[in-house]
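Observations on the three-dimensional arrangement
This is what each chain is made of:
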Amino acid sequence: MKSLDFNFKYATLFTVYVVFSLVVVKPAYPEGKFKLRPGAKGKICLKCHETFKQTLKSRYVHPLLKKGKCTGCHVPHTSSHKNLLTADTTKLCYECHKKVLPEKARSAHKVVVEANCNKCHNSHGSNNKFILIKSGNELCFDCHKDISDNIKNVRFKHKSLEKDKGCLNCHNPHASAKSNSLLRNSMPSLCIKCHKTNKSTFRQQHMNYPVAKSDCSSCHNPHGSNKRGMVFDVAHSDVARRKCTTCHQIAPSLKTKQPPSQLCRECHKTMANQTFTKKRVHWPVVDSVSCLHCHGPHATKEQKLLKDPQLQVCGECHADTVELQEASKKNPNNDKLCEPVKTGNCTSCHSPHAADNVLLVNEASISFDICARCHQWETHSTHPIGEKFIDIRDKNLSVTCLSCHRACGTGNNPAMLTFSSTYELCIQCHVERRR
Amino acid sequence: MTKMRKCCRKISLAATSMLVLASVVTMSSSGAEVKFRYVTSLYSDDKNIPLKQPEGVASDGKSLLLVADTGNGRLLRYIFKDGFLEAEIVEIRSPQLFYPVKTEINSRGEIYTLDRKQRSIVRLSSEGEFRGYLNPAGLPSPAAYVPRSFTIDKNDNFYILDILSERVLILDPGGKYVGQIKFPQGYGFFSDIAVDVNGTVLLVDGVNALVFSAAINSAAFSPLTESLKQYVRFPASLTTDDRGRIYLVDRNGGSITILGQDGIFVERQSGLGWKEGQLNYPAQICINAKGEIFVADTRNSRVQIFKVFE
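Parameters and conventions
- Numbering of residues begins from 1 in every chain and follows the order in which that chain's sequence is written.
- Labels are handed out in written order, letters beginning with A for the chains and numbers beginning with 1 for the ligands.
- pLDDT decides what is reported in this predicted model: residues at 70 or higher carry local features, side-chain atom pairs at 80 or more are listed and counted, and totals for whole chains, interfaces and linings draw on all residues regardless.
- Side-chain metrics rest on all non-hydrogen atoms present in the structure, leaving aside hydrogens and water.
- Helical segments are the DSSP runs of H or I of at least four residues, strand segments are the runs of E of at least two, and each set is numbered from the N terminus.
- With a 1.4 Å probe rolled over the protein chains alone, any residue whose accessible area is under 20% of its type maximum counts as buried; one over 50% counts as exposed, and the rest are partly exposed.
- Only heavy atoms matter for contacts: two residues are in contact if any of them lie within 4.5 Å across the pair.
- Counted as salt bridges are all cases of a side-chain nitrogen of Lys or Arg within 4 Å of a carboxyl oxygen of Asp or Glu.
- Polar contact criterion, stated in full: a pair of N or O atoms within 3.5 Å, where within protein one must be able to donate a hydrogen and the other to accept it, and residues adjacent in sequence count only if both atoms are side-chain atoms.
- Residues were grouped as follows: Ala, Val, Leu, Ile, Met, Phe, Trp, Tyr, Cys and Pro as nonpolar; Asp, Glu, Lys and Arg as charged; and all remaining residues, including Gly, as polar.
- Comment: axis = line fitted to C-alpha atoms, over the contacting stretch for helices; angle = value between 0 and 180 degrees taken between N-to-C directions.
- Any angle that falls under 35 degrees is termed roughly parallel, while one over 145 is termed roughly antiparallel, one within 65 to 115 roughly perpendicular, and all others oblique.
- A pair of strands is treated as paired once DSSP finds two or more bridges between them.
- Ring geometry is summarised as follows: Phe, Tyr and Trp rings, the Trp one being its six-membered ring, pair when their centres sit within 6.5 Å, and such pairs are stacked at plane angles under 30 degrees, edge-to-face over 60 and tilted between the two.
- A ring is considered to have a charge above it if a Lys NZ or an Arg CZ atom is located within 6 Å of its centre and within 35 degrees of its normal.
- For every residue, the predictor reports its confidence as pLDDT, a number between 0 and 100.

1. Structural notes on the overall build of chain B
Summing up its helical and strand segments, chain B has one helix and 25 strands in all. Within the span of chain B, comprising 310 residues, buried residues form 56% of the whole. Pairs at least 24 residues apart make up 44% of the contacts formed inside chain B by residues separated by at least 6 positions.

Okay, structure coming up:
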């Protein structure tokens, strides 16, 4: 029994010693998981990477760097990712900044989707808020030069661009869950936050039409324009003259006097007559949406009141063809790409309203009337071409430019050929040459 | 040991029957493998005047074949019997017929063709005499309509794809209004209509590469397929056979895609090109009871005939 008492006493003393040494006494091990020497943490990297000493003096420093936690993003010894990062750049920032890209975003900034955070942020520190590489609009305009140029040159600028947060007064920099174009809110809610619709001047400017629920960008260029009231530069003549009643019923009714298929013809008689005497009217011209498939009724950025750039308008329905055109543009073998294909000028060959020919091409012969406008086909090749030369694959066809080429582009094929190589093309007819 | 063998045999038998059953179910839902065999092409009339960019082709289900020779502003009547063309080809012209595209024949042999220039459906007798236009009687508001396409069912009722008022108009054989089905929400652009053996109305949305359907007496369309963009570039025309299979014409891709009655992809046949058996900007397609398929091969200026085999 005595012996047991003795053992118990020593065991208690030993336990107290172990607990004390673990809890109270600082271990003599090196710092952190990298076994740094005491006091080295947060300093050792800067011994070599001296430039970061300067970065640390910036007004805004990434919190991890501020705490000396370089290892929050970097591995000190080896890594499979550049700059010894702990993860791929497309994933690294999202490990902490998950909320930057909402799951149900209606629009997202391309650089955010592609995780090119460094395009806007200095990952270590900067003198700009949110460690941005540049401050204010200057940063946005680095990429969005078209908007910047437009704003510089227009007479009437949107004032909100020049005050407070600049672009960020209306746009979210990362993504928007509420609207397209990264807008903070959908239109008109966004606009009426500043532009009070109940003011008499507002109502007067809008001819007493109840536009408070309308899409403001159907008339106004939100960045600025040369027209008073920031109306888009290309405005429907009646809009410019404020003759809303030409098309709309008297205020406060916003209804149009007739459906679009009838309404536009009332004034655009010549165009209508030319269109409806053709054999093939572009079907959307005569459907319920009619002219508004392609044109804005009030004001737009594009010539002829197209609602978007031409290629975009055509691509809304003919996405498959535009896809080929885009692939042809990117194809390095297509250095001599047909100019209208390169620029996406569909109407160079097609009549958008109506034509007498299949594919709505604006001339009877694609080869001799359209291609020959730019290409002197007589000198193009020694291959016989023209009505006298029958295509041996089909006795109802003669050899034309389109016997070998495809006019809207052929994706990855060279020289807009319908086959992947000249050999593949030639043996279609010259079968005896097949190797 | 014998018991064990018996047990193994039972298991393998059960597995085989399950596999067979599964394949039968799969076949019945998506349809058996369908292939085309090229038969012949029509290039001209009996005076050797070549076809010019034909966009319509219709069969009476037997031997009569009608071609809308669009570029020449005429219709041509062929007799195609037992895989061969008979000598006599009848040319149908009319001062009221400018630019015929989609063409149909009813059970009495009367000819209906959509004239694209006039955007009206022209009515002709079986002999090709002009009998007026198909003017729907008793249309509810809105009375205005623009026919993009049309079809005739086995009871001679008309189904008109009205793109102006966004609906399918249903007319009795005399042209009197019977009913209408509104277009579904969020469609791209409807370019053709067909009615299958069960009376289901089918619409093809070329922009979104979708087929919509409305069962007989149904008041609304619903999507029959998911987007078919992986199979077709721009489907612009469709028809069905007597088993309810859907034949979809890919205008820009130059091919025919076959779907089961349930809208499941079965097969893609032909392809873009100039040689016989290949298609270039095809338009209307029709199929007769013998499984012979006629395709208006528009930019190759011919009509091609295929035979379906399984």
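2. What about the interface of chain A and chain B?
Accessible area lost during the coming together of the parts is what is often quoted as the interface size. Taken together, the contacts link 35 residues of chain A with 34 residues of chain B. One salt bridge connects Asp 394 of chain A with Arg 302 of chain B, and the closest N-O pair in it is separated by 3.5 Å. At the junction of chain A with chain B, the criterion picks out eleven residue pairs in polar contact (both at pLDDT 80 or more). Elements that contribute at least two residues to the side of chain A that touches chain B include exactly strand E8 (280-281) and helix H15 (319-330) of chain A. Tallying contributions element by element places H15 of chain A first for the side of chain A that touches chain B, with three residues. Split by residue class, the side of chain A that touches chain B holds 13 nonpolar, ten polar and twelve charged.

3. Describing the packing of helix H7 (residues 136-143) of chain A against helix H8 (residues 145-153) of chain A
Residue and element names in this part refer to chain A. As a packed pair, H7 and H8 sit with axes 6 Å apart at the nearest point and diverge in direction by 120°. Between H7 and H8, the angle is such that the two are oblique. Between H7 and H8, the residues in contact are Phe 141, Asp 142 and Cys 143 and Lys 145, Ile 147, Ser 148 and Ile 151, respectively. Residue composition of the contact of H7 with H8, grouped by class: four nonpolar, one polar and two charged.

4. A word on the pattern of salt bridges
Residue and element names in this part refer to chain B. The full count for this structure, using the stated rule, is 27 salt bridges over all chains. A salt bridge links Asp 82 to Lys 290, with the shortest nitrogen-to-oxygen separation between them at 3.8 Å. Separated by 208 residues along the polypeptide, Asp 82 in the loop between strand E4 (74-81) and strand E5 (84-85) and Lys 290 in the loop between strand E23 (285-287) and strand E24 (292-297) bring together distant segments of the chain. According to the relative accessible area criterion, Asp 82 is exposed, its value standing at 59%. Since its relative accessible area comes to 42%, Lys 290 is described here as partly exposed. With a shortest N-O distance of 2.9 Å, Arg 302 and Asp 297 are connected by a salt bridge. Here Arg 302 matches Asp 297 in class, with each residue buried. Connected via shared salt-bridge partners are Asp 45, Asp 69, Arg 74, Glu 91 and Arg 93.

5. Observations regarding the sheet that holds E24 of chain B
Residue and element names in this part refer to chain B. Read across the open sheet, the four strands follow the order E1-E25-E24-E23; overall the sheet is antiparallel. At either margin of the open sheet sits one strand with a lone partner, and together these are strand E1 (35-42) and E23. The sheet shows a mean angle of 25° between the axes of neighbouring strands, direction not considered.

6. Considerations on the packing of aromatic side chains
Residues and elements named next belong to chain B. Taken as a whole, this structure holds twelve aromatic pairs over all chains when the rule is applied. When the ring of Tyr 38 is compared with that of Phe 306, the centres are 6.1 Å apart and the planes differ by 75°; the resulting orientation is edge-to-face. You can see Tyr 38 sitting in strand E1 and its partner Phe 306 sitting in strand E25 (residues 302-309), a full 268 residues away along the chain. Tyr 38 gets classed as partly exposed once you look at its relative accessible area, which sits at 27%. Ring centres 4.8 Å apart and planes at 70° place the aromatic pair Tyr 112 and Phe 158 in the edge-to-face group. With Tyr 112 in strand E8 (residues 111-115) and Phe 158 in strand E12 (residues 158-162), this residue pair connects regions lying 46 residues apart in the sequence. Overall, the relative accessible area of 0% leaves Tyr 112 in the buried class. Using a relative accessible area of 0% as the deciding quantity, one classes Phe 158 as buried. Taking NZ or CZ as reference, Arg 251 lies 3.8 Å from the ring centre of Tyr 281, over its face.

7. Structural notes on the confidence of the model for chain A
Scored by pLDDT, chain A has a mean of 88; 92% of the residues are at 70 or more. Scored below 50 in pLDDT, residues 22-29 of chain A makes two contacts in the model with residues more than four places away or belonging to other chains.

8. Thoughts on the pairing of strand E2 (residues 56-59) of chain B
All names here are of chain B. Residues Gly 56 and Ala 58 of E2 are buried on one face, and the alternating residues Val 57 and Ser 59, pointing to the opposite face, are buried as well. Bridge count between E2 and strand E3 (residues 64-69): four bridges; the pairing is antiparallel. Its bridge partner lying in E3, Ser 59 is registered against Leu 65. Hairpin connection, E2 to E3: the antiparallel pair is bridged by four residues, and Gly 61 has positive phi, about 90°.

9. Observations regarding the sheet that holds strand E20 (residues 246-250) of chain B
All names here are of chain B. In space, the four strands of this open sheet follow the order E19-E20-E21-E22, with antiparallel pairing throughout. The strands lining the two open edges of the sheet, one partner per strand, are strand E19 (235-240) and strand E22 (265-269). For this sheet, the mean angle separating the axes of adjacent strands, direction not counted, is 20°.

10. Some thoughts on the environment of Lys 159 of chain A
Positionally, Lys 159 of chain A belongs in the loop between strand E4 (156-157) and strand E5 (175-176). Measuring from C-alpha to C-alpha, the distance between Lys 159 of chain A and Pro 210 of chain A comes to 24 Å, with 51 residues separating the pair along the chain.

11. Side note on the packing of helix H12 (residues 260-267) of chain A against helix H13 (residues 269-276) of chain A
Residue and element names in this part refer to chain A. H13 packs onto H12 with a crossing angle of 115° between their chain directions and a minimal axis gap of 5 Å. Residue-level inspection shows Arg 265, Glu 266 and Cys 267 of H12 in contact with H13, the latter providing Lys 269, Ala 272 and Phe 276. Of the residues assigned to the contact of H12 with H13, the class counts are three nonpolar, no polar and three charged.

12. Digging into the side chain of Asn 331 of chain A
Residue and element names in this part refer to chain A. With respect to the secondary-structure elements, Asn 331 resides in the loop between H15 and helix H16 (339-343). Among the residues examined, Asn 331 registers a relative accessible area of 6% and is labelled buried. Within the structure, the side chain of Asn 331 is placed 3.0 Å from the backbone oxygen of Asn 413, a separation counted as a polar contact. Setting aside chain neighbours within four positions, we find Asn 331 in contact with Gly 411, Asn 412, Asn 413 and Pro 414.

13. As for unusual backbone geometry
Backbone torsion omega between Met 187 of chain A and Pro 188 of chain A reads 5°, so that peptide bond is classified as cis. Inspection of the secondary structure assignment puts Pro 188 of chain A in the loop between E5 and helix H9 (189-192). The residue after Ser 141 of chain B, namely Pro 142 of chain B, is reached through a cis peptide bond having omega 0°. Turning to its location among the elements, Pro 142 of chain B is positioned in the loop between strand E10 (130-133) and strand E11 (147-152). Despite not being glycine, Ser 290 of chain A shows a phi value in the positive range, around 55°. Among the secondary structure elements, Ser 290 of chain A is positioned in the loop between E8 and strand E9 (299-300). Under the relative-accessibility criterion, Ser 290 of chain A is labelled buried at 4%. Phi at Ser 270 of chain B takes a positive value of approximately 65°, unusual for a residue other than glycine. Judged by its relative accessible area of 30%, Ser 270 of chain B falls in the partly exposed class.

14. Examining the environment of Ser 123 of chain A
All names here are of chain A. Positionally, Ser 123 belongs in the loop between helix H6 (110-113) and strand E3 (125-126). For Ser 123, a relative accessible area of 36% gives the class partly exposed. Between the C-alpha atom of Ser 123 and that of Val 61, which follows or precedes it by 62 residues, the distance is 8.6 Å. In contact with Ser 123, not counting residues within four places along its chain, are His 62, Asn 118 and Ile 131.

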